[in-house]
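Chain by chain, the residues run as shown.
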Amino acid sequence: MKFKADEIASVIQKEIEDFRGSIQTSEVGRVLEVGDGIARVYGLSSAMSGEMVEFSNGVRGQVFNLEESSVGVIILGDYLTIAEGDEVKSTGALLSVPTGDALLGRVVDPLGNPLDGKGPIITDQSRPVEFAAPGVAGRQPVKQPLATGIKAVDAMTPIGRGQRELIIGDRKTGKTAVAIDAILNQKGGDVICVYVACGQRSSTVAGVIDVLTREGAMDYTVVVASSSADPAPMQYVAPYAGAAIAEHFMYQGKHTLVIYDDLSKQATAYRQLSLLMRRPPGREAYPGDVFYAHSRLLERAAKLSDELGGGSMTALPIIETLEGEVSAYIPTNVISITDGQIYLEPDLFFAGVRPAINVGISVSRVGGNAQTKATKKVAGGLRLDLAAFRELEAFAQLGTELDKATQSQLDRGYRMVELLKQPQYQPMAMADQVISIYAGTKGYFDKVPVDEVAIAEKELLKFIQEQHLDVRTTIVETGELKPETEEKLKTALTEFQAHYEKIRQAKQ
């Protein structure tokens, strides 16, 4: 085999012509001290706040504090393998998380590393963890409903696409259950869900993933998990990472739902980091900017203007209270940022009213704008009726004689409370909710014993499905309860009353 000298010469000449000398420079510092998830680094004089840095063992960190002679870094990973004197390299990039369709159905940590053992996540798209929220001009009013499938929520505290609705209550009152039901109800729809577990027990997170998998909801859901065993920096970053993953879809014109479970734990993690970094403590030892930490996160939820694609991101932050103390620091902060709250009460929960929603304190500041016309029509007076019932109930406990009208109002109230109870993981379609609430408010369940209301409701929906499917179909297609549809529904309900009476007599 002979070499052709002129060919080799031309190739070398071409290589020399195309050669561009590019020297890659990066600032390198050294760890002064390390511990409890933070490191103080000397020598990174041009580091930016929020910049990503890399330790010599490959663990990433984020610049948190800029001091006169050193930089405070929060370590996003195992800080036990980092020692004093180790090298730290600046990257010149902001902390970012992988995004895209490859994440659907996966369980990841706040940096986008898989936790579910299903192999690596292959995507070339990423997004900064911190991102500026869309401004006033980039948004539009919240008008499209985001159905949760929970009767009490959709009827009285409706949630719209682009809204931020707080779920608040003591521990073990069913906060996560409400959020999970909202995810399950998006099945077959056009909403992509992101569930952020922040500071939860690993067993609780595993339980949630198990339910989502069993109910077939993981196909359109991403789980970002940072358990209570993870270092504080990971718990602090988790909600922002979840927001970034959802934002990617929102800016593509899609609709997303993000659940932050829960922000009290994130605030605690942030307090820990701030105190370790020697930032001055404020009320309840939280740093002064803890309000900003939550507001910049929740303001990213929006219904984008049509120019930006019209996508939406709905946020359901969860806050845990202690002994029902809604006026504590973090709960009041988050209440003031959100567009309403669903307050879950322990007394109702233990009395068997589940979901244990306190109608008096719960509110949606978007209101009827985020409801279909049919729901708005049947549920209009429901909230006031229930509030009046609670007052009457307290009065009746005094043992005074009640007149017939008051007694019948009380009886109907008891039946409406039964009607609004709903088993976990069984979200209900909008049309079924409309039929059920209409039957309750118009007195079609008045003759049914209180303890049989749930059974009667099931029978009613089955009866409508089998005998009067056209009524339900009309409500589904139009989203309205027009006078002619209402007349048909009344006829169907009257028929059902006789039908149910026969069923009861047959059982006896």
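Computed from a predicted structure; not experimentally measured.

Engineer: Which residues make up the layout of surface pockets, and what are the values?
Structural biologist: Approximately 740 Å³ is the volume found for the largest pocket. Considering the residues around the largest pocket, the lining is formed by 30 residues, among which K172, G174, K175, T176 and A177 are closest to the centre. Contributing elements (two or more residues each) for the lining of the largest pocket: helix 3 (175-184) and helix 4 (202-214). Broken down by element, the lining of the largest pocket gets its largest block of residues, six residues, from helix 3.

Engineer: How would you explain the packing of helix 3 against helix 4 if you had to name every residue and give the values?
Structural biologist: Interaxial distance between helix 3 and helix 4 falls to 11 Å at its minimum, and their mutual angle equals 25°. By the criterion of interaxial angle, the relationship of helix 3 to helix 4 is roughly parallel. Helix 4 is crossed by helix 3, and the crossing has right-handed handedness. In this structure, helix 3 contributes T176, I180, I183 and L184 to the contact, and helix 4 contributes V208, V211 and L212. Considered class by class, the residues forming the contact of helix 3 with helix 4 number six nonpolar, one polar and no charged.

Engineer: Which residues make up the state of the cysteines, and what values go with them?
Structural biologist: A full pass over the atoms with the stated rule returns zero disulfides. The cysteine C193 is free of any disulfide, with C198 supplying the nearest cysteine sulfur at 19 Å. Residue class for C193 comes out buried when judged on its relative accessible area of 0%. Taking the relative accessible area as the measure of exposure, C198 reaches 1% and is therefore buried.

Definitions and limits used
- In this numbering scheme, every chain counts its residues from 1 along its sequence in written order.
- Selection of residues for local features in this predicted model requires a pLDDT of at least 70, selection of side-chain atom pairs for listing and counting requires 80 or more, and totals for whole chains, interfaces and linings are taken over all residues.
- Hydrogens and waters are ignored; side-chain quantities use all the structure's heavy atoms.
- Space inside and on the surface of the protein is sampled on a 1 Å grid over the protein atoms alone, with a cavity defined as a set of points where a 1.4 Å probe fits but cannot get out and a pocket as an open set with protein on both sides within 12 Å along at least 5 of 7 lines; lining residues have an atom within 4 Å of a point.
- Grid points are joined across faces, edges and corners, and a volume is the space filled by probe spheres set on the points.
- Strands are runs of DSSP state E lasting at least two residues, helices are runs of H or I lasting at least four, and both sets are numbered from the N terminus onward.
- For helices, the fitted axis covers only the stretch in contact; all axes are lines through C-alpha atoms, and the angles between them, taken along N-to-C directions, range from 0 to 180 degrees.
- In what follows, roughly perpendicular refers to angles from 65 to 115 degrees, roughly parallel to angles under 35, roughly antiparallel to angles over 145, and oblique to any angle outside these ranges.
- Here a crossing is taken to be left-handed if its near helix is turned anticlockwise relative to the far helix by less than a right angle, and right-handed if that turn runs clockwise.
- The criterion used for residue contact is that any of the two residues' heavy atoms lie within 4.5 Å.
- For this classification, Asp, Glu, Lys and Arg are treated as charged, while Ala, Val, Leu, Ile, Met, Phe, Trp, Tyr, Cys and Pro are nonpolar and the rest, including Gly, are polar.
- Cysteine sulfur atoms that pair up within 2.5 Å are treated as a disulfide.
- Only protein chains enter the accessibility calculation, which uses a 1.4 Å probe; a residue is then buried when its area is under 20% of its type maximum, exposed when over 50%, and partly exposed in between.

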